[in-house]
Amino acid sequence: MSQKIIIATRESRLALWQAEHVKALLEQRLSLSVDLLGMTTRGDQILDRSLSKVGGKGLFVKELETALEEDRAHLAVHSLKDVPMELPADFELVAILEREDPRDAFVSNRYASLAELPQGAVVGTSSLRRVVQLKALRPDLRIEPLRGNLDTRLRKLDEGGFDAIVLASAGLKRLGLAARIRCCFSVEEMIPCAGQGALGLEIRADAAVLKAQLSGLIDQPTWLATQAERAVSRSLGGSCSMPLAAHASWVGAELQLAVALGDAEQAERPLLKALIHAEITHLEQALQFGERAAQALRDLGAAGYLPQTSQI
């Protein structure tokens with residue numbers, strides 16, 4: 001491919017870091033010439049309502065897909081956790097890069113950990129997954145919505161609106177803000193969402209040459225782990241209106257998959273949790289493994305937690 005590769009990206013500081021990271025990989029490993037096309041998405045514009053009320057995380061993806069469709073860009077770089085589980089037929093997720101720290105971070109200017117927060121403290125997050133797990137750990141906390149890019153969320157904390165906020169460790173580390181992390185939740189305390197910490201590369205399904213080139217960037221352990229996680233969500237009809245957690249990690253040759261489901265309407269209900277493990281060597285196994293974990297949640301009573309439209 002001799003022409004310049006154009007990467008479509010959101011314009012937040014973190015999204016631009018991610019796109020620049022991929023640009024450097026394409027230039028160094030594949031000797032491609034690369035430019036960025038910065039774009040503002042609907043997800044970036046709507047900050048006064050939770051994503052679950054305005055269309056979900058797909059709002060961060062649609063404009064980038066339109067740029068691919070119109071041939072203004074060849075490749076979109078996404079935080080994998082923002083990529084819908086089902087892509088339109090004309091698009092394909094062709095590579096997932098090595099994952100950064102997938103854990104959730106506790107960020108506070110006054111307190112060193114969740115346990116140190118006083119009774120009734122105000123914690124900021126707009127993630128239903130985090131809300132139900134925080135409520136399981138500390139039922140007394142007041143959980144308040146927190147939208148905006150990473151810098152905006154940190155500013156709202158610094159302005160005194162919250163006693164603490166919960167963010168993805170990966171974003172803070174990528175932007176050189178690891179010092180803001182007071183501690184990380186263990187995966188046992190707070191299971192991450194599917195794909196957290198990983199970057200996904202999306203292209204048009206008919207871009208066969210580019211797909212072949214980008215296959216060299218796939219990190220196989222991350223690819224298999226995150227595909228298993230995404231299969232859990234896909235099987236349960238997951239979206240950001242569903243407080244679902246799924247995280248796979250390697251223990252030797254085995255993949256261990258931890259999942260949890262809460263009730264979006266009644267955050268105080270007990271979490272449904274399951275942990276399964278198996279040797280996984282290829283994609284089809286990973287997808288079936290994720291479906292097994294989803295079935296484990298169904299066996300625990302997931303139907304009573306899912307929105308009516310998601311009960312399958």
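This report concerns the structure included in the present document. (Residues numbered from 1 in each chain as written. Predicted model: local features only at pLDDT ≥ 70, side-chain atom pairs only at ≥ 80, totals over all residues. Heavy atoms only, no water.)

**Structural notes on the overall build of the protein chain**
Assigned secondary structure in the protein chain consists of ten helices and 13 strands. The C-alpha radius of gyration computed for the protein chain amounts to 19 Å, which stays within 12% of the reference 20 Å derived for 312 residues, consistent with globular compactness. When the backbone C-alpha atoms are referred to their principal axes, the protein chain occupies close to 60 × 45 × 40 Å. Counting all 312 residues of the protein chain, 53% fall into the buried class. Intrachain contacts of the protein chain at a sequence separation of at least 6 include 69% that bridge at least 24 residues. (Helix = DSSP H or I, 4+ residues; strand = E, 2+ residues; numbered from the N terminus. Rg over C-alpha atoms; globule rule 2.2 N^0.38 Å. Buried < 20%, exposed > 50% of the residue type's maximum accessible area, 1.4 Å probe, protein only. Contact = heavy atoms within 4.5 Å.)

**Points about the state of the cysteines**
Under the counting rule described, the total for this entry stands at zero disulfides. Cysteine Cys184 remains unbridged, with the sulfur of Cys183 as its closest cysteine sulfur at 7.1 Å. (Disulfide = S-S within 2.5 Å.)

**Some points on the sheet that holds strand S10 (residues 199-204)**
Taken together, five strands build an open sheet; the order of strands is S2-S1-S3-S10-S4 and the sheet is mixed. Of all strands in the sheet, those bounded by a partner on one side alone are strand S2 (34-39) and strand S4 (91-96). This sheet shows a mean twist of 30° between the axes of neighbouring strands, independent of strand direction. Sheet topology places strand S1 (residues 5-10) next to strand S3 (residues 75-79); two bridges connect them, and they run parallel. Across the sheet, Ala8 pairs through a bridge with Ala76, a residue of S3. (Pairing = 2+ DSSP bridges. Axes fitted to C-alpha atoms, helices over the stretch in contact; angles between N-to-C directions.)

**Structural notes on the pattern of salt bridges**
Between side chains of opposite charge, pairing is possible as soon as their charged atoms come close. Throughout the structure, instances matching the rule amount to 21 salt bridges. When the shortest N-O distance is used, the salt bridge between Arg10 and Asp82 registers 3.6 Å. Residue Arg10 is found in strand S1, and its partner Asp82 is found in the loop between S3 and S4; the two are separated by 72 residues along the sequence. The class for Arg10 is buried, based on a relative accessible area of 16%. For Asp82, a relative accessible area of 8% puts it in the buried group. A salt bridge links Arg204 to Asp71; the shortest N-O distance between them is 4.0 Å. (Salt bridge = Lys/Arg side-chain N within 4 Å of Asp/Glu carboxyl O.)

**Describing the side chain of His78**
Tracing the sequence through the fold places His78 in strand S3. For His78, a relative accessible area of 4% puts it in the buried group. When residues no more than four places from it in sequence are discounted, the contact partners of His78 are Gln18, Val61, Leu64, Val83, Ala198, Leu199, Gly200 and Glu202.

**A short note on helix H10 (residues 283-299)**
Spanning 17 residues, H10 covers 25 Å between terminal C-alpha atoms, matching the ideal 24 Å at 1.5 Å per step. Every buried residue of H10 is listed here: Ala286, Phe289, Gly290, Ala293, Ala294, Ala296 and Leu297. Seen along its axis, H10 keeps its buried residues to an arc of 150°; they face one direction. Structurally, H10 contributes buried residues whose contacts are with helix H9 (220-236), strand S11 (244-251), strand S12 (254-261) and strand S13 (272-279). (Expected span 1.5 Å × (residues − 1). Arc of directions from axis to C-beta.)

**Focus: the packing of H9 against H10**
Relative to each other, H9 and H10 sit at 40°, their axes nearing to 7 Å. Here H9 lies oblique to H10, going by the angle between them. The way H9 lies across H10 gives a crossing that is right-handed. Residues Trp223, Leu224, Gln227, Ala228, Ala231, Val232, Arg234, Ser235 and Leu236 of H9 pack against Leu283, Ala286, Leu287, Phe289, Gly290, Glu291, Ala293, Ala294, Leu297 and Arg298 of H10. Residues that form the contact of H9 with H10 fall into these classes: 13 nonpolar, three polar and three charged. (Parallel < 35°, antiparallel > 145°, perpendicular 65-115°, else oblique. Left-handed = near helix turned anticlockwise from the far one by under 90°. Nonpolar A, V, L, I, M, F, W, Y, C, P; charged D, E, K, R; others polar.)

**Focus on the sheet that holds S11**
Strand order in this open sheet of three strands is S11-S12-S13, and the pairing throughout is antiparallel. The strands lining the two open edges of the sheet, one partner per strand, are S11 and S13. Strand-to-strand twist in this sheet, taken as the mean axis angle between neighbours without regard to direction, amounts to 15°. Relative to S12, S11 runs antiparallel, the two being bridged by eight bridges. Residue His247 lies in a different strand from S12, and its bridge partner there is Ala258. Across the sheet, H9 lies against S11 and S12, angled at about 155° from S11, the strand it touches most.

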